[in-house]
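Commentary on secondary and tertiary structure
These are the residues of each chain, in order.
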Amino acid sequence: MTKNFDEIVTFIRTLYNKPEGFIALHEPCFMGNEKKYLAECIDTTFVSSVGPFVTRFEEMVATYTGAKHAIVCVNGTAALHMALMLVGVEANDEVITQPLTFIATANAISYTGAKPVFVDVDMDTLGMSPKSLSVFLEEFGELRDDGFCYNKETGRRISACVPMHTFGHPCRIDEIAAICKKYKIQLVEDAAESIGSTYKGKHTGTFGAVGILSFNGNKTITTGGGGMIITNNDDLGKRAKHLTTQAKLPHRWEFNHDAIGYNYRMPNINAALGVAQMEVIDRIIVSKRGIAAQYTEFFAANGIDFCNEPQDSISNYWLNSILLGSREERDRFLGYMNDNGIMSRPAWTLMNKLPMFEGSQTDYLKNAVLIAERLINLPSSVIS
Ligand SMILES: *Cc1c(COP(=O)(O)O)cnc(C)c1O
């Protein structure tokens, strides 16, 4: 197998045209007007959350995703926190999500005072399994006269469901949306990793009440740190803007606020990067899909299980991933790659295994456990 590992090192070094030195997992790629727009912010002194790039960035993302409204946030985690508040998640509610996700998903749920519940993922999409969701709700979900779904086991209200499009691969979001509708559960999509990914021709993040995107430094496009709330609902869009700007009532000099608001609005300096990145996003996605195509061909020839985009989907292939035969093989592989200067890493520790979420209700999580034991992310930076 070590011979095989060595071939993978050679393949990745050839792919990135880097015979030696460190190869990162995902580096930002600035190939457009980034410097020019940043200089504009400084020259005009508009570096904070009021400035022309903020609205321009929102308009560009709305157009690109097909969402009616796009509202910037300081980061994806804040965007998700706000999204959950917008759909009415309250303290002591439950929110169903997947255990195979980045900590931000479970943290944002916790910020509202709600408890996460974890259901399994599908092997092919790596995202929430509609089958698991439906089996869980058949057993534990109870629609009451007040129009909400309750968990028969815990007595708590299940107010929202947060599927995540893992590593850019869309999950079966239309089936999940139908189940949520049946049980009157609000659908909030964590599309932090999936800008540019579509399911049945529709952009991820636009299937439920609200979706969120992230522009962290390691994501497909970056604003340094940043996030976006996307929604087709006029009222939610308006409230998102209001609540992320300290719920201040517009007035030329008075300071009045009609709710507990948040200082969540992205500064102009970050949005300047966002505008420049959105101008070249098509090139970025083409490059990423090209890299994935090369990985696909290489791993097919070598009999290794590469995670391809699922059916009915176009993936941005944010992070390319493979599944090895066992945890032991995975650990040997990680050691070998990292010793050879090629950054690779396992999937996240499952959320229900972390001390904060240990007591959470889960289903069998058969696929999530297998993926957490065997999956590896490989270098996926854009080649410009
Ligand atoms: C990146 C990410 C977020 C948001 O992260 P920020 O760093 O706060 O922008 C949320 N959920 C998932 C699944 C992510 O990968």
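Residues numbered from 1 in each chain as written. Predicted model: local features only at pLDDT ≥ 70, side-chain atom pairs only at ≥ 80, totals over all residues. Heavy atoms only, no water.

1. Notes on the overall build of the protein chain
- Broken down by element type, the protein chain carries 12 helices and 16 strands.
- For a compact globule of 384 residues, the expected C-alpha radius of gyration is about 21 Å, and the protein chain comes in at 21 Å, within 12% of that figure.
- Once the C-alpha set of the protein chain is aligned to its principal axes, its extents read approximately 70 × 60 × 35 Å.
- For the protein chain, buried positions account for 55% of its 384 residues.
- Here the contacts in the protein chain between residues at least 6 apart in sequence split such that 71% fall between residues at least 24 apart.
- Across the protein chain, the mean location of the 36 positive side-chain charges is 3 Å away from that of the 43 negative side-chain charges. (Helix = DSSP H or I, 4+ residues; strand = E, 2+ residues; numbered from the N terminus. Rg over C-alpha atoms; globule rule 2.2 N^0.38 Å. Buried < 20%, exposed > 50% of the residue type's maximum accessible area, 1.4 Å probe, protein only. Contact = heavy atoms within 4.5 Å. Lys, Arg positive; Asp, Glu negative; His and termini not counted. Charge placed at Lys NZ, Arg CZ, Asp CG, Glu CD.)

2. Looking at the UniProt feature "modified residue: N6-(pyridoxal phosphate)lysine" (unreviewed entry) in the protein chain
- UniProt marks Lys219 with the feature "modified residue: N6-(pyridoxal phosphate)lysine" (unreviewed entry), using the numbering shown here.
- By secondary structure assignment, the location of lysine 219 is in the loop between β10 (210–214) and β11 (227–231).
- In this structure lysine 219 comes out as buried when scored by relative accessible area, which is 8%. (UniProt positions renumbered as here; feature names shortened; annotations may be inferred.)

3. A short note on the site of the ligand
- Taken together, the neighbourhood of the ligand is formed by 15 residues, with Gly76, Thr77, Glu193, Ser214 and Lys219 sitting nearest.
- Glycine 76 has a polar backbone atom sitting 2.8 Å from an oxygen atom of the ligand.
- Contacts to the ligand include lysine 219, whose side-chain N or O atom sits 3.2 Å from an oxygen atom.
- Relative to its unbound accessible surface of 380 Å², the ligand loses 93% to contact with the protein.
- Elements that contribute at least two residues to the shell around the ligand include exactly α4 (76–86) and α5 (103–111).
- A per-class count over the shell around the ligand returns 4 nonpolar, 8 polar and 3 charged. (Near = heavy atom within 4 Å. Polar contact = N/O pair within 3.5 Å; in protein donor to acceptor, adjacent residues only side chain to side chain. Areas by Shrake-Rupley, 256 points an atom, 1.4 Å probe, with all protein chains shown as cover. Nonpolar A, V, L, I, M, F, W, Y, C, P; charged D, E, K, R; others polar.)

4. Details of helix α8 (residues 234–243)
- Looking only at α8, the buried set comprises Leu236, Gly237, Ala240 and Leu243. Mapping the buried residues of α8 onto a view down its axis gives an arc of 140°, with all of them on the same face.
- Buried residues belonging to α8 abut β1 (69–73), α4, β10 and β11.
- Between the side-chain oxygen of the N-cap and the backbone nitrogen of aspartate 235 there are 2.9 Å, and the N-cap of α8 in question is asparagine 233. (Arc of directions from axis to C-beta.)

5. Comments concerning the sheet that holds strand β14 (residues 320–323)
- Spatially, β12-β14-β16-β15 is the arrangement adopted by the 4 strands of the open sheet, whose pairing is antiparallel. Bordering the open sheet on either side are β12 (305–306) and β15 (345–346), each of which pairs with just one other strand.
- Direction of pairing for β12 relative to β14: antiparallel, over a ladder of 2 bridges. Residue pairing for β14: phenylalanine 306 is matched across the bridge by isoleucine 322.
- Taken strand by strand, helix α11 (residues 327–339) contacts β14, β15 and β16 (375–378), and its axis lies near 20° from that of β16.
- In the packing of helix α12 (residues 366–374) onto the sheet, the strands contacted are β14 and β16, and the crossing angle to β16 comes to about 50°. (Pairing = 2+ DSSP bridges. Axes fitted to C-alpha atoms, helices over the stretch in contact; angles between N-to-C directions.)

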